[in-house]
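Here is what each chain is made of, one letter per residue.
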Amino acid sequence: MKTAVIGLGAIGALVAGYLKSKGVPVVAVGRPEQKKAIEKDGLIIEGARGRFLVYLDVKLRLEEKVDLAIIAVKTQDIRDAIDRSREFLSGPAILSTQNGVRADKLLELMLGPENIVSSIVMFGGTYTPFNKVVHNFEGNWLIGRPQGANDAKVKEVVEFLKIAFNTIEVENISAMKWTKVFVNFSNTLPALVGKSMQETYGNLEMCKLSLRLLKEGFGVVDKLGISLSNMPDFDIEKLKGLTRMPLDEAAPIYSGIMRNLSKEPLYGSILQSIRRGRASEIDFINGEIANQARLNNIEAKLNTRVTELVHHVEATKKFLTFAEVSEDMEKNARSAQLTREDFF
């Protein structure tokens with residue numbers, strides 16, 4: 001299948017690079033600075049599968065017909081990306097890769113539902129502008145129809161991508177995408193302090209805060225009747241179970257999990273965007289919980305405040321200290337009538 005990869009951040013670069021290395025005809029669509037760097041020095045990929053160099057012909061927009069278009073930009077960038085390449089996006093299968101739960105609906109509105117296939121990326125990468133990406137860890141690539149039962153188009157995409165990835169066809173992917181929202185909560189606190197996952201969650205106070213954010217988020221979706229579905233190799237009930245434990249017991253367990261995700265320093269997608277001076281996807285992670293709570297008159301003060309803090313860091317380009325984050329969130333916890341013992 002001739003494949004377009006639209007967006008050359010961490011995930012898009014890994015996908016384009018690995019497919020090209022397997023002999024797949026790949027059309028890479030990126031920004032001018034990415035085009036210049038990759039065409040001059042190649043795309044450098046290192047990490048989980050070793051280190052290698054791959055050369056890509058990078059376009060600023062899709063200029064030819066393809067069989068599969070993988071949309072690897074952030075949700076907030078989908079509209080512009082589709083508009084630039086719309087002429088050649090009416091025919092191919094369209095595969096979404098975004099975190100959050102809004103991308104599939106947006107793609108359906110822009111391109112129609114017939115060709116939209118949804119996916120959840122469970123492998124991780126760190127992007128270094130403008131032509132290097134570290135593949136931090138392997139993981140499944142879950143693929144299914146966002147609406148209705150899977151069909152031949154889904155199966156074709158799954159089988160094709162197996163050339164380079166561990167792809168799995170799943171039903172009920174929309175419920176799994178809500179589960180992935182909670183997986184991505186771990187990106188938020190490292191973005192506030194400007195540190196890796198390992199450094200951030202080596203601090204037990206940050207672990208306790210992350211667990212509080214998760215617990216509040218689980219409460220919101222429960223009140224809204226939103227179903228969370230297990231993903232292959234990820235049991236959401238285990239994460240929920242951690243939030244039910246006393247924080248002093250749960251925090252060291254959570255810390256161990258997060259610090260061992262990758263041998264290389266792992267920088268979440270939100271922090272990577274902030275470092276590049278681009279808008280992050282916080283509104284589709286903790287901000288999604290805050291928004292749903294606001295629309296339905298449910299209290300979610302912690303997730304609302306952490307979303308505000310990320311936007312503050314985006315605007316000021318100044319990271320906070322662990323103490324500043326703890327103090328700000330403790331103050332917010334008190335406004336939500338929680339005691340320090342409940343919070344920490």
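Here the structure is a predicted model, which is why all the values come from computation and not from measurement.

Definitions and limits used
- Residues numbered from 1 in each chain as written.
- Predicted model: local features only at pLDDT ≥ 70, side-chain atom pairs only at ≥ 80, totals over all residues.
- Heavy atoms only, no water.
- Pairing = 2+ DSSP bridges.
- Helix = DSSP H or I, 4+ residues; strand = E, 2+ residues; numbered from the N terminus.
- Contact = heavy atoms within 4.5 Å.
- Axes fitted to C-alpha atoms, helices over the stretch in contact; angles between N-to-C directions.
- 1 Å grid on protein atoms, 1.4 Å probe; cavity = no way out; pocket = protein on both sides within 12 Å on 5 of 7 lines; lining within 4 Å.
- Points joined across faces, edges and corners; volume = space filled by probe spheres on them.
- Nonpolar A, V, L, I, M, F, W, Y, C, P; charged D, E, K, R; others polar.
- Parallel < 35°, antiparallel > 145°, perpendicular 65-115°, else oblique.
- Left-handed = near helix turned anticlockwise from the far one by under 90°.
- Core = buried A, V, L, I, M, F, W, Y, C linked by side-chain atoms within 4.5 Å.
- Buried < 20%, exposed > 50% of the residue type's maximum accessible area, 1.4 Å probe, protein only.
- Right-handed = clockwise from strand over helix to strand, strands pointing away.
- Phe/Tyr/Trp six-rings, centres within 6.5 Å; stacked < 30°, edge-to-face > 60°.
- Salt bridge = Lys/Arg side-chain N within 4 Å of Asp/Glu carboxyl O.

**Examining the sheet that holds strand β5 (residues 58-59)**
Working definition: the strands of a sheet are paired by backbone hydrogen bonds and lie parallel or antiparallel to each other.
And step 1. Read from one edge of the open sheet, eight strands run β5-β2-β1-β6-β7-β8-β11-β12, paired in mixed fashion. Pairing within the sheet leaves two strands with one partner each, and these edge strands are β5 and β12 (167-169).
And step 2. Sheet topology places strand β1 (residues 3-6) next to strand β2 (residues 26-29); four bridges connect them, and they run parallel. Paired with Val 5 across the strands is Ala 28, a residue of β2.
And step 3. Sheet strands in contact with helix α1 (residues 10-21) are β1, β2, β6 (68-71), β8 (116-121) and β11 (141-144), and its direction is about 155° off that of β1.
And step 4. Each of β6, β7 (93-96) and β8 is contacted by helix α4 (residues 103-111), which is oriented at about 155° to β8, the strand it contacts most.

**Here we look at empty space enclosed by the protein**
And step 1. One pass over the structure, following the stated rule, counts one cavity of 30 Å³ or more.
And step 2. Of the volumes computed, that of the largest cavity is approximately 40 Å³.
And step 3. For the largest cavity, the full set of lining residues is Thr 97, Gln 98, Asn 99, Gly 100, Ser 119, Ile 120, Val 121, Lys 177 and Lys 180.
And step 4. Elements with a minimum of two residues in the lining of the largest cavity: β8 and α6 (173-183).
And step 5. A total of three residues in the lining of the largest cavity trace back to one element, the largest contributor, which is β8.
And step 6. Considering only residue class, the lining of the largest cavity consists of two nonpolar, five polar and two charged.

**Brief notes about the packing of helix α9 (residues 204-224) against helix α13 (residues 286-295)**
And step 1. Closest axis-to-axis distance for the α9/α13 pair is 10 Å, and the angle between their directions is 45°. Taken together, the axis directions place α9 and α13 in an arrangement best described as oblique. Along this stretch, α9 crosses α13, giving a crossing that reads as left-handed. Here Leu 213, Gly 217, Val 220, Val 221 and Leu 224 of α9 come into contact with α13, specifically with Asn 286, Ile 289, Gln 292 and Ala 293.
And step 2. Grouping the amino acids of the contact of α9 with α13 by side-chain chemistry returns six nonpolar, three polar and no charged.

**With respect to the pairing of strand β10 (residues 132-137)**
Successive residues of a regular strand alternate their side chains across the two faces of the sheet.
And step 1. One ladder, built from four bridges, connects strand β3 (residues 43-47) with β10; its direction is parallel. The residue bridging Gly 47 from the neighbouring strand is His 135, located in β10.
And step 2. Bridge count between strand β9 (residues 124-128) and β10: five bridges; the pairing is antiparallel. Directly across from Thr 128, in β10, lies its bridge partner Lys 132.
And step 3. Connecting the antiparallel pair β9 and β10 is a turn made up of three residues.

**Section: the nonpolar core**
And step 1. Counting 48 residues, the largest nonpolar core has Phe 182, Leu 189, Tyr 254 and Val 325 as its most contacted members.
And step 2. Considering every element that reaches this core, the biggest residue donor is α9, with nine residues.
And step 3. Filtering out sequence-adjacent residues up to four positions away, Val 325 remains in contact with Leu 189, Leu 192, Val 193, Met 206, Leu 209 and Leu 320.
And step 4. Of all hydrophobic cores here, the second largest spans 37 residues; its members include Val 26, Trp 141, Phe 160 and Ala 164.

**Thoughts on the pairing of β11**
And step 1. Neither face of β11 is exposed, since Trp 141 and Ile 143 on one face and Leu 142 and Gly 144 on the opposite face are all buried.
And step 2. Relative to β11, β8 runs antiparallel, the two being bridged by four bridges. From the neighbouring strand, Ile 120 faces β11, where its bridge partner is Leu 142.
And step 3. Summarising the sheet, β11 and β12 pair through three bridges and their orientation is parallel. Bridge pairing links Ile 143 to Glu 169 in β12.
And step 4. With respect to chirality, the unit in which β11 leads through helix α5 (residues 152-161) into the neighbouring parallel β12 is right-handed.

**Examining the packing of aromatic side chains**
And step 1. Applying the stated criterion across every chain yields a total of eight aromatic pairs.
And step 2. Aromatic pair Tyr 18 and Phe 52: ring centres 5.7 Å apart, planes at 35°, arrangement tilted. Residue Tyr 18 is found in helix α1, and its partner Phe 52 is found in strand β4 (residues 52-54); the two are separated by 34 residues along the sequence.
And step 3. Overall, the relative accessible area of 3% leaves Tyr 18 in the buried class.

**Some thoughts on the side chain of Glu 108**
And step 1. Turning to its location among the elements, Glu 108 is positioned in helix α4.
And step 2. Ignoring anything within four residues of it in the chain, the contact list for Glu 108 reads Pro 113, Ile 116, Pro 146 and Gln 147.

**A look at the pattern of salt bridges**
And step 1. Considering all chains together, one arrives at 23 salt bridges under this definition.
And step 2. Notably, a salt bridge pairs Asp 41 with Lys 40, separated by 3.4 Å at the nearest N-O pair.
And step 3. Accessibility expressed as a relative area gives 38% for Asp 41, which makes it partly exposed.
And step 4. Linking Arg 86 and Asp 83 is a salt bridge whose minimum nitrogen-to-oxygen distance equals 2.9 Å.

**Quick word on the environment of Val 121**
And step 1. Along the chain, Val 121 falls in strand β8.
And step 2. As a C-alpha pair, Val 121 and Gly 139 span 18 residues in sequence and 7.6 Å in three-dimensional space.

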